[in-house]
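Each chain, written out:
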Amino acid sequence: GKRVKGVQITRPFIYGTTARPFDEKTNPKPAGVPDDHTHSWTVFVKGVDDTDITYWLRRVQFKLHESIPNHVRVVEAEPGKPFEVHETGWGEFEITLKLYYVSESSEKPQTLYQFLRLHPYGRTEEEKEAMRLQQSGEVISWVYEEQIFNEPYEPFYEILTSG
Ligand code: SLL
């Protein structure tokens, strides 16, 4: 196949984690969750404003901490849905995300790293308490990123630009 010379296509996306402490009122602990688990959390890759990104991203592998059962999770594309994993736990750690592009792109997978944050940091106890009250203690750690496709192959260029 031929590449489209001199062309660079960029697509914005977001990846990161969202965590919430278990709380009787705002986030009750489901049955079966171990006693030592303090939070529910999500790690995700998605489009900005939930726009679909499955026309260029076909799979995400999330490598979680080895203490978690089945710690390597593979999420295949479902149009319009974010790539995400929901879990519960007690500790913070670094997650490895491996992005697999649609086959038409001939792009190699890309690896990203994201620290799972459960606790707000760099704040006084009073500020933390205010955060807990205001937003049910939700701790977000998100990265806005731009995917760059350099001189894409012609069929992939068609896919990228026919939205
Ligand atoms: C720490 N270095 O010691 C980190 C490790 C691991 C967190 C954190 C286990 C959950 C499960 C879990 O939360 N591990 O048992 O499914 O803080």
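Caption draft 1: Representation of the overall build of the chain in the model. Helix and strand counts for the chain come out as two helices and eight strands. The helix and strand sequence of the chain, counted from the amino end, reads β-β-β-β-β-β-β-α-β-α. The principal-axis extents of the C-alpha atoms in the chain amount to approximately 55 × 35 × 25 Å. With 163 residues in all, the chain has 38% of them scored as buried. Excluding contacts between residues fewer than 6 apart, the proportion of contacts in the chain whose partners are at least 24 apart in sequence is 66%. Surface accessibility of the chain: about 9800 Å² in total, with carbon and sulfur atoms responsible for 48%. The chain carries 19 positive and 26 negative side-chain charges, and their two centres are separated by 5 Å.

Caption draft 2: Fine view of the sheet that holds strand β8 (residues 139-150). Taking strand neighbours across the sheet as the criterion, the four strands line up as β5-β2-β1-β8 in an open arrangement whose pairing is antiparallel. The open sheet has two edge strands, β5 (83-89) and β8, and neither has a second partner. Looking at each pair of strands side by side, their axes are set apart by 10 degrees on average, direction ignored. As paired strands, strand β1 (residues 8-21) and β8 are joined by twelve bridges and run antiparallel to one another. Following the sheet pairing, Tyr15 is matched in β8 by Val143. Strands in contact with helix α2 (residues 154-161) are β1 and β8; relative to β1, the strand with the most contacts, it is inclined by about 60 degrees.

Caption draft 3: Spotlight on the sheet that holds strand β4 (residues 72-76). On the basis of which strands lie adjacent, the open sheet formed by four strands has the order β4-β3-β6-β7 and antiparallel pairing. In this open sheet, the two strands that pair with only one neighbour each are β4 and β7 (110-116). When strand polarity is set aside, the average angle formed by the axes of neighbouring strands in this sheet is 20 degrees. Bridge count for strand β3 (residues 57-63) against β4 is five bridges, and the pairing is antiparallel. When the bridges of β4 are listed, Lys63 appears paired with Val72.

Caption draft 4: Region of the structure containing the site of the ligand. As a matter of local geometry, the ligand sits amid His37, His65, Ser67, Ile68, Pro69, Thr88, Gly89, Trp90, Gly91, Glu92 and Phe93. Note that an oxygen atom of the ligand is positioned 3.2 Å from one of the side-chain N or O atoms of His37. Measuring from an oxygen atom of the ligand, one finds a backbone N or O atom of Gly91 at 3.3 Å. Taken together, the residues that form the shell around the ligand break down as four nonpolar, six polar and one charged.

Caption draft 5: Examining the pairing of β1 more closely. Sheet analysis places β1 next to strand β2 (residues 39-47), joined by nine bridges and oriented antiparallel. Counterpart to Ile14 in the pairing with β2 is Lys46.

Quick notes on the rules
- Residues numbered from 1 in each chain as written.
- Predicted model: local features only at pLDDT ≥ 70, side-chain atom pairs only at ≥ 80, totals over all residues.
- Heavy atoms only, no water.
- Helix = DSSP H or I, 4+ residues; strand = E, 2+ residues; numbered from the N terminus.
- Buried < 20%, exposed > 50% of the residue type's maximum accessible area, 1.4 Å probe, protein only.
- Contact = heavy atoms within 4.5 Å.
- Areas by Shrake-Rupley, 256 points an atom, 1.4 Å probe, with all protein chains shown as cover.
- Lys, Arg positive; Asp, Glu negative; His and termini not counted.
- Charge placed at Lys NZ, Arg CZ, Asp CG, Glu CD.
- Pairing = 2+ DSSP bridges.
- Axes fitted to C-alpha atoms, helices over the stretch in contact; angles between N-to-C directions.
- Near = heavy atom within 4 Å.
- Polar contact = N/O pair within 3.5 Å; in protein donor to acceptor, adjacent residues only side chain to side chain.
- Nonpolar A, V, L, I, M, F, W, Y, C, P; charged D, E, K, R; others polar.

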